[in-house]
Each structure stands twice: as structure tokens, then as C-alpha cells.
Amino acid sequence: MIQAATPVQRHAADAGAERADRFEGRAKRQSARVIRKIVLLAVCLAAGMWAFVGWSLWSEYTSAQAVGRIEGYNLAAAFSLDLTNQLDSANAALTAIAQTVRTAPQNQIAADLQPVVAGIAGGSIDVRIVGADGRQLLSTLHPDPAPADPGSEPSFVAHRDDPSTAMAIAPYSAGSVGQLFQVSRRLETADAHFAGEAILLLKPASLLTLFRQIDLGRRGAIAITDESGVVRAGFGLNDQPGKFGIGIDLRGDVYPESIAPGQTVVFNRRGRIIKIDRMITIHRLERYNLRVLVALDLDDVLGSARVHIWLISLVGVGATGLIAILSLLLMREVRRRTKREIDLAYDRDQLRSARSQIEADRTRLAETSRELLASKEIAEAANQARAQFLAHMSHELRTPLHAIIGFSELIQQQAPMKPGSPPIAEYAGDILGSGRHLLELINTILDISKVESGTATLSETVFPVAELARASLVSVRSQADARDIALALELPKTTVRLRGDRMRLLQVLINLLSNAVKFTPAHGRIVLAASISATGGLVFSVTDTGIGMTEAEIAIAMEPFGQVESSLSRSFEGTGLGLPLAHRLAVLHGGRLELSSAKGRGTTATVYLPAERVVRREPERVDVSR
């Protein structure tokens, strides 16, 4: 809040403003008499002349842009046709290989393919054949640094699982062989069974044959990109053909994210590889998911136009030169002197007012800072006291609860069971169930209090992730079976061992699974999955087909004792401590818990653990189990 000025400050400010206003009036009247006629004449002449010059400059610039766009469009269309022809040839070669495999006996496929592959392979094309079992049958690359497991490659999986997949173009990957342009096709036997994959490895320089025959200017370039904007082949005058800018992502600025087949887009932007302004024309092939990009140097496109613009500008300057220069110099000098004197008069008064205001604001900010610091200390002390109180009370309540649970078990076991006797055993069972529920609630509160007060510790060991996941499913299986809810487990294909507190992580998974069972209707499905993230960390996810939550309800559920439903209309049991405790235990391990949900579509709870807790991964075969 800005403090009001004192009467003395207001009086001084009013007096200073009045003096400055009087001085400003006198100065403006004096300067107006001198420059009025000069201003009118100079403005009329300059406005008419420069309106004509501006129109001429704009016309010249737009004409040069239009010519450049037409040139870029024609070049992009020619190179797109050239690339389409090359890909059609590759598709024909793959079709010949597929026909040979279809007609050859099963035990002679490799032998029959030898002459066909030899006829296709050459200086710019190599062939690799992978069998139905994922093993490489033959290759014309020597040596061939093929993948360790060709059967796990995305193109092989796509051809194996989808018989309708046509010729596929592999995405870019680093490395000398990864830079080759790879196209592949599904192989089938005579009875339409999957027989493997045929791959053509094309050198980038072979994709365009017209490059050497067309002049792109001093620094023009051509690039072939995929839909993600990554350069698959590039051609520049001073670079090795086909390898100019391979692997560079051209997206950003005005680069179009989506282009329809056969569509051409033209725009200007700064080059990503050579930092110059370029006119870029992009044409997407009609039958293949590739783009041809023609980048012309904007200096070449606008070169002649800029010369004309410069000449027109000189003519305009010469026509208005003498009048404009004399008028501008005189007007600038008069106005500069008048403005400087007026500004000085006002600045003196504003500096006085600003100095007073700054002092007042400094005092106010210092006081506000002290109040905020005191409030922060009070809040921290209150939070610490609350956590300590909960911890002490939880310890005090557990002692009588153990006695209640023990005596209720004894009474239930020794109560008379004769007909007509009071249902003492039933009453003792109710007391026992209530006592155990209250003890579980107190233990949960104690765990949260320990985490919040900073006294919780981890008893870390190294254990298999699969064992932890299966143990958590065992804990909730009876609840799920009672409601006919299917439980599924998805584990990585490698053995993963984790370093952490096994009991606390088991508690995290059990809490998440219990929540999923509680809020999933009968005949639903719950999936517990474990996987390795891109950063090397471990990810647990629990996905259900339950009632789901909105964003606001997720925020409520993550707070201690948070209940999405009101206390008068609750349909589900629970204290609202399961998710907050799971979140805090995940944080205690250096990870986090995230919820994603949609109302009526289920919920996914994801636990992320850091990479340093993953100890070792060894190959093993793990199936999805219920």
C-alpha cells in the first residue's frame, strides 16, 4: 500500500508543477512561431514523395518474393518427382524379393534369394533379409553391423503383426549404418504366413539424381525429411552429396507440423544448419510419408530486387534531399532545445517527489518483510508441533489398543457357544475388528507423522522387483476375488533388482491396489505394471477401470484425510490416508507419485523411482500373470 503524501509534500509538488507548466507554455509558443511554416511545407513535400517511394519499394519486394516462391515450388515439385521415382524403384525391388520368397520352397528360400539379391545390390544399395524367427538370413553389407536382435526392431514387429503393412521407411538413427535410408517390406510364404522382412539400405546420395543438374545458387540446399522434421538426406554445393545436415531436427519457428499429401508450403526463416535467411519450400510426397525441402538463399532471391530498391531509395533521397535535410535539421534543433529545457524543468520536480516516495516505500517493504518472516517461522513451528503431537499420541494410543485386541481375541475364543447363550463371541469379534482397524489407522498416522517430522528412516536392502509386485497382489487378491475383479501383472522382460526399504515400498503398492479395488465396480480389471523409464528409473503403475476422479478431486485425494465424497453421503470406506502415505513414502525414496484420471474412465496411479535405485538388469522371460 502506497503511503499518502504529507501536506508539505503536496504543496511543494503543486508549486513545482505550476512553475514547470508556465515555462513549458512560453517555450512552446516561441518555438512554434519559428518552425510552423517550415513544418507545413516540409511535411507536405516529404509525405508525397515518400508515399510514392514506399509504394515502389513494396511492389519490387513483393514481385521478387513471388518469383522466388514460383522457383521454389517448381524445384520442390521436380525433386519430389525424382524422389518418388527412386522410392518406386526400391518398392519394385522389394516386391521382387517378396515374390521370390512366396514361390520358393521353404528349405530353399535363402538359396533362391541369392541371385535376386545380387541383382538388386550395387554401389548405392545393400540388401538385408531377416527370417520369420527374427534371425538375419543374408546381407550384402560386409561387414554388417546388424542389430543384436533384428526380431525386436520396430519395422520387423510391424510387418510381423500387421499383414497389411506396405513398404515401411525406418526412422533416423545415429551411427554410420543408421544414417543409411532404410526401406522394408513384409515377406510371406505361399500360404500367406509371415516369412520375415526384406530391407533395402540406400545411400542418401542415391535418393536424388537431379541435384547436380540444377543450380540452387550460392548457398542453396535440398533436404529430405520425415514427418518429425528430421533430415534423412541433404544436398549442398560444398558438402558430400546426401550427408548435408543428416539427423538435424528442423522443427520450430514457422516449420509446419502437418502437411497433406501433395501439398506445398512456402515460408521464410533463419536456417538451422547454415545461419542465413532462407526462402524454404516444402512439398510432401503423395504416396510416401516424406517431405522434400528446398532452401534458397534469401539474398539470391531478393538480390535484384534489393538493387532496384536501393536505386529507388536514392532517387527519393535525391528528390527530397535538400529540403528534407534543412527542414529536419532546423526542426530537430529547435525541438531538441525546447524539449530538453521542458524535460529538465519537469525532471527536477519529479525527482523530488520520487525521492520522497522511494523512502516511504522502502520503509513499508522492510516492515512487510519482517511480518512475512515472522509468519513463516510461526507456521513452521506450528507444523512441527502438530507432527510431534500426532507421533506422541499415536504411541500412547497403541498400548491400550494392543490390550483391547488381545483380550477381545481371548474372549472370542473362550466365549460359551451353547444355544441360548448371549452372543459374546460375536461382540468380541466386533471389538477385535474395530480395534485392529483403529490400530491400522494409528500406525498410518504415525508413519505420516514420522515422514513429515523428518524422523522416518529407510531399512534398505536389494530385492527383485517381480517378487515385490507379486507379494503386493497376494495381499489384495482376496478382496478382488470377493468382487470378481481381475488382477493382472505386467513386468519387464529383464530381471530388475531394486535398492530400497522393501516393507515401505510394499506398503505403497498395497495402498494403491487397495484403493483401486475399493473404487472399481464388480467385474472390473486392475493392472499392476513395472517398467524401466527412458532415464533408467523404475516406474510402477496401477491402472483400474473404476469410477475415476476430476482434477479437483485428485487434489483432494492427495491431502491427508482427504475424502472426495462428503461425510454425509460417502459410499466407500476409508480414512483418506492411503494415497498421502504412499506419496510420502515414494518421496522418501527419492521418487514421486502421480495420479491421472477421468471421471467414469478409471484411474492410473504411477510411482517413479530414481535410476540410482535400480541395481542390475539381466535377461529373463517374464509372462503376464493374473
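Predicted model only: the values in this text are computed from it and were never measured.

Conventions used here
- Residues numbered from 1 in each chain as written.
- Predicted model: local features only at pLDDT ≥ 70, side-chain atom pairs only at ≥ 80, totals over all residues.
- Heavy atoms only, no water.
- Helix = DSSP H or I, 4+ residues; strand = E, 2+ residues; numbered from the N terminus.
- Buried < 20%, exposed > 50% of the residue type's maximum accessible area, 1.4 Å probe, protein only.
- Contact = heavy atoms within 4.5 Å.
- Areas by Shrake-Rupley, 256 points an atom, 1.4 Å probe, with all protein chains shown as cover.
- Pairing = 2+ DSSP bridges.
- Axes fitted to C-alpha atoms, helices over the stretch in contact; angles between N-to-C directions.
- Salt bridge = Lys/Arg side-chain N within 4 Å of Asp/Glu carboxyl O.

Colleague: When you look at the overall build of the protein chain in this model, what are you seeing that I'm missing?
Modeller: Assigned secondary structure in the protein chain consists of ten helices and 18 strands. Within the protein chain, the fraction of its 626 residues that count as buried is 38%. Counted over contacts in the protein chain with a minimum sequence separation of 6, partners at least 24 positions apart contribute 63%. Carbon and sulfur atoms provide 58% of the accessible area of the protein chain, an area that totals close to 35200 Å².

Colleague: Would you take a moment to explain the sheet that holds strand β14 (residues 525-532) for this structure?
Modeller: Note: strands within a sheet are paired through backbone hydrogen bonds, in either parallel or antiparallel orientation. Strands sit in the order β12-β14-β15-β17-β16 across an open sheet of five strands; the sheet is mixed. Edge positions in the sheet fall to β12 (486-490) and β16 (592-598), since each of these pairs with one other strand and no more. Each neighbouring strand pair of the sheet contributes to a mean axis angle of 15°, computed without reference to strand direction. As judged from the six bridges shared by strand β15 (residues 538-544) and strand β17 (residues 602-609), these two strands associate in the antiparallel manner.

Colleague: Could you clarify how one ought to interpret the sheet that holds strand β6 (residues 221-226) in this entry?
Modeller: Reading across the sheet, the five strands line up as β7-β6-β10-β9-β8 and stay open at both edges, with antiparallel pairing between neighbours. At either end of the open sheet lies a strand with only one pairing partner, and these are β7 (231-236) and β8 (264-270). Within this sheet the neighbouring strands show an average axis-to-axis angle of 20°, counted without direction. Of the strand pairs in this sheet, β8 and strand β9 (residues 277-284) are connected by seven bridges, and their pairing is antiparallel. Bridged to T264 within β9 is H283.

Colleague: It is not clear to me how the pattern of salt bridges should be interpreted in this structure. Could you clarify?
Modeller: Pairs may arise between side chains of opposite charge once their charged atoms sit close together. In total, this model carries 18 salt bridges according to the counting rule given. Among the ionic pairs, R135 bridges to D133, the shortest N-O distance being 2.6 Å. By relative accessible area, which is 59% here, R135 ends up exposed. Of the residues examined, D133 reaches a relative accessible area of 49% and is grouped as partly exposed. Taking the shortest distance from any N to any O, the salt bridge between R504 and D501 comes out at 3.5 Å. You can call R504 buried: its relative accessible area is 14%. Beyond isolated ion pairs, a larger network of salt bridges with shared partners links R102, R186 and E188.

Colleague: It is not clear to me how unusual backbone geometry should be interpreted in this structure. Could you clarify?
Modeller: Excluding glycine, residues mostly have negative phi values, and the peptide bonds linking residues are mostly trans. Its identity as a non-glycine residue notwithstanding, A192 has a phi of 70°, on the positive side. Here A192 shows up in the loop between β4 (181-188) and β5 (194-202). One non-glycine residue, D484, adopts positive backbone phi at about 60°. Along the chain, D484 turns up in the loop between α7 (465-482) and β12.

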